Amino acid sequence: IALKQTLIQEIKELERVKPPTSHENRVEEIQTQIKKIRKENAIKSAAKKMEIERTNQATESAIQETRLTGIVKWINWIKIEPYL
């Protein structure tokens, strides 16, 4: 009977005392989400960089170097003084 009463007392005491809330699972979940977001951002950045490079290559291939197709007869040289 004494053992039963002590066990009942321990159960009541444990029910009264709330267990400390563990935020470890929530922290791990948030860290996992952060890692996922970083990976997604890295993928998006790489795709955007590739698109920019592709656009630059297309632009560079469309640009032709300057060529003279005639004779230069006169060049005006103008010197612009800085405004002080």
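Residues numbered from 1 in each chain as written. Predicted model: local features only at pLDDT ≥ 70, side-chain atom pairs only at ≥ 80, totals over all residues. Heavy atoms only, no water.

## Considerations on the overall build of the protein
Convention followed: Strands here are runs of E lasting at least two residues and helices are runs of H or I lasting at least four, both read from the DSSP assignment and numbered beginning at the N terminus. Summary of the burial criterion: residues with accessible area below 20% of their type's maximum are buried, those above 50% are exposed, and those between are partly exposed, where the area comes from a 1.4 Å probe applied to protein chains only.
Along the backbone of the protein there are two helices and zero strands. Residue burial in the protein is summarised as follows: out of 84 residues, 0% are buried.

## Regarding the pattern of salt bridges
Just so we agree on the cut-off: Here, a salt bridge means any Lys or Arg side-chain nitrogen found within 4 Å of an Asp or Glu carboxyl oxygen.
Enumeration according to the criterion identifies one salt bridge in this entry. Notably, a salt bridge pairs Arg-54 with Glu-51, separated by 2.6 Å at the nearest N-O pair. Of this pair, Arg-54 and Glu-51 both sit in helix H2 (residues 24-62), three residues apart, roughly one helical turn. Classification of Arg-54 as partly exposed rests on a relative accessible area of 45%.

On their own, these measurements won't tell you what the molecule is for.
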